[in-house]
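Chain by chain, the residues run as shown.
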Amino acid sequence: MIGADMLARSFRTAVCDIDFEWPTVNLLDACRQYGLEIDDVAYLAANENPYGPSPKALAAATESLSLARVYPSPSLRYDELRNEYAEVRDALAAYCGVPADMVMPGPGSETVLRYVTQVFVDPGDEIVTAPESYSGHPWACQIMAADVRYVPLRDYRFDIDAFLATVSDRTKMVWLCSPNNPTGTIITDVELRRLVANVPASTVIVCDQAYQELVDDPSWGDATQLLLEGHRNVVVLRTMSKAFGLAGLRMGHAIADPEVCSLIDRIREPYYISGPSCAATLAALDDLDWCREVVRKLQAGRRWVTQQLTELGCTVVPSQCNFVLADTGVAAGVMYDRLLRRGVVVRPGDIWGYDTHLRISIGTDEENRRLVAAMAAALAE
Ligand SMILES: Cc1ncc(COP(=O)(O)O)c(C=O)c1O
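Enquirer: Looking at this structure, how should I read the site of the ligand?
Expert: Surveying the vicinity of the ligand reveals 13 residues, the closest of which are Ser 109, Asp 208, Tyr 211, Thr 239 and Ser 241. Contacts to the ligand include Ser 109, whose backbone N or O atom sits 2.7 Å from an oxygen atom. Protein contact buries 92% of the 400 Å² of open area that the ligand shows by itself. Considering only residue class, the shell around the ligand consists of four nonpolar, five polar and four charged.

Enquirer: What am I meant to see in the side chain of Arg 359 here?
Expert: By the element assignment, Arg 359 lies in strand S13 (residues 357-361). Among the polar contacts made by the side chain of Arg 359, one reaches the main-chain carbonyl oxygen of Ala 45 at a distance of 2.7 Å. Here Arg 359 is in contact with Leu 44, Ala 45, Ala 46, Asn 47, Asn 181, Pro 182, Phe 323, Val 324, Leu 325, Val 346, Arg 347 and Trp 352, once residues within four sequence places are set aside.

Enquirer: Would you take a moment to explain the environment of Ala 145 for this structure?
Expert: Counting through the fold element by element, Ala 145 comes out in the loop between helix H7 (136-143) and strand S4 (147-150). Given the relative accessible area of 24%, Ala 145 is considered partly exposed. Dropping the residues within four chain positions of it, Ala 145 is found in contact with Arg 12, Ala 14, Asp 122, Pro 123 and Gly 124.

Enquirer: Explain the domain arrangement of the protein chain to me, please; I cannot follow it from the model alone.
Expert: How big an interface is tends to be reported as the loss of accessible area on association of its parts. When cut into domains, the protein chain gives domain 1 (9-40 + 289-380) and domain 2 (55-286). Here the C-alpha centre of domain 2 lies 25 Å away from the C-alpha centre of domain 1. On the domain 2 side, the residues contacting the 27 residues of domain 1 number 27 residues. For the pair domain 1 and domain 2, the summed buried area comes to about 2,300 Å², and 62% of that belongs to carbon and sulfur atoms. Its largest share of buried area at the contact with domain 2, domain 1 owes to Gln 320, Trp 352 and Tyr 354, together 25% of the area lost on that side. Among the salt bridges present, the one from Arg 302 reaches Asp 216, with a minimum N-O distance of 3.3 Å.

About the thresholds
- Residues numbered from 1 in each chain as written.
- Predicted model: local features only at pLDDT ≥ 70, side-chain atom pairs only at ≥ 80, totals over all residues.
- Heavy atoms only, no water.
- Near = heavy atom within 4 Å.
- Polar contact = N/O pair within 3.5 Å; in protein donor to acceptor, adjacent residues only side chain to side chain.
- Areas by Shrake-Rupley, 256 points an atom, 1.4 Å probe, with all protein chains shown as cover.
- Nonpolar A, V, L, I, M, F, W, Y, C, P; charged D, E, K, R; others polar.
- Helix = DSSP H or I, 4+ residues; strand = E, 2+ residues; numbered from the N terminus.
- Contact = heavy atoms within 4.5 Å.
- Buried < 20%, exposed > 50% of the residue type's maximum accessible area, 1.4 Å probe, protein only.
- Domains from an automatic or database assignment.
- Buried area = accessible area lost by both parts, 1.4 Å probe.
- Salt bridge = Lys/Arg side-chain N within 4 Å of Asp/Glu carboxyl O.

This is the structure in C-alpha cells:
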C-alpha cells in the first residue's frame, strides 16, 4: 500500500516497542471444538466477582439510564445542576476514611493509573516494578517512554531488599501491588514502612490495592495509612471492579496527595465517567452489607479451593485475593487446554514466567466444585 512505510515512520517508538497482547480465549471456538454450551462454561480467568454487584447498585444504574441523553456534570466540585462526580468523590472518600480532596475517581483503576503516569513520568524516567505483577503498570509507563527496571519476586512475594537495592535518586516511580496479581500475596505493614522510609521523597510509590477488601491477614500494610501519616509520595489505587462486582461499569480511584489529585483533574477528559457508573457506585457504597457478605463467601471459596487443590497434589500459593496461583507440576498450556476441554477457563501462569502454574479465579460454590472435578480429571490424564 502506497505510503504505509511513511505512516509507520510517524508512529511513536515507545508505543511500537510495547510487547502487548491481551490474554484472551476464543470461547465460541472452544465450545464448538469441545461440544460445550457457552452458558455451561466456568470462566475463572479474569478475577471477576461471580456474585455481582448489590441489586441496589444495578437498580440505581438502570434508573440513571433515563438521563442517558445528558452529560454527567464534569466538575469534581458541587455545581448547580448535576453533581455526580462530586458525590462519587465524597462517597469514596467516606468509604476509605480520607478527605475528599485526596480522592480522584476514574473509569476503572486501569485508566486512573495511566493518569498517574501522565502526571509523573517523562521519557527516559526510571521506573521499578516486578515482572510477576499486574502488567498494566509497566505498560502505562512504557507508553510514556519510561525506562522500566524489573525486580523479580522472591518466593512469590515482593522482595523489598532487592527493590531498595535497585531504587536510586534516579528512580521516578516504584510500583507495588498488594495483594499482588497474579500471586495473591501481600506486602506486610513492616515491609511497606521499610520501603517507604528508605526511598527518596521524590520517588513516587504507587501501591495498587485493587483486592484490598479480600484481605484477612492482619499483617497486611495499607499504603493509605502511610499517605495519611504524611508520606506525600505515596499513591494508592483502588477499584469497584472486584469486591463490589462492578467491573463492567468501570469505576476505580486513586488516593493521593491533594496536589496530585488536582493535576489528574487537569488532564482527565471532561465527561470521563458515565452516569450509570456513578449511580451504581453511590448505591453500592450505600449497601456495604452486600459487599461484606460477598467478601465472606469469596474468602470461604478461596479456603476451600486452596484445600482441595492441595489435596490433589498442587502447590497453592496462600492467597489474599479472589484467585489462587496453583503449581500443578504440568506445563501451564497443557493444563489450560485440559481444563478448557472440560469447560473451565483459567489463566496459564507462563505469561508471568510461572511455567507450571495456573491462576484460577474463585467462582460460585458450583463453579469451584466444577473446577476441582475438572482439575482432578486433568491431572489424571
Ligand atoms: C492489580 C490490578 N489492578 C488493576 C486492575 C484493573 O482494575 P479496573 O477494573 O479498576 O480497571 C486489575 C484487574 O484485574 C488488577 O488485577
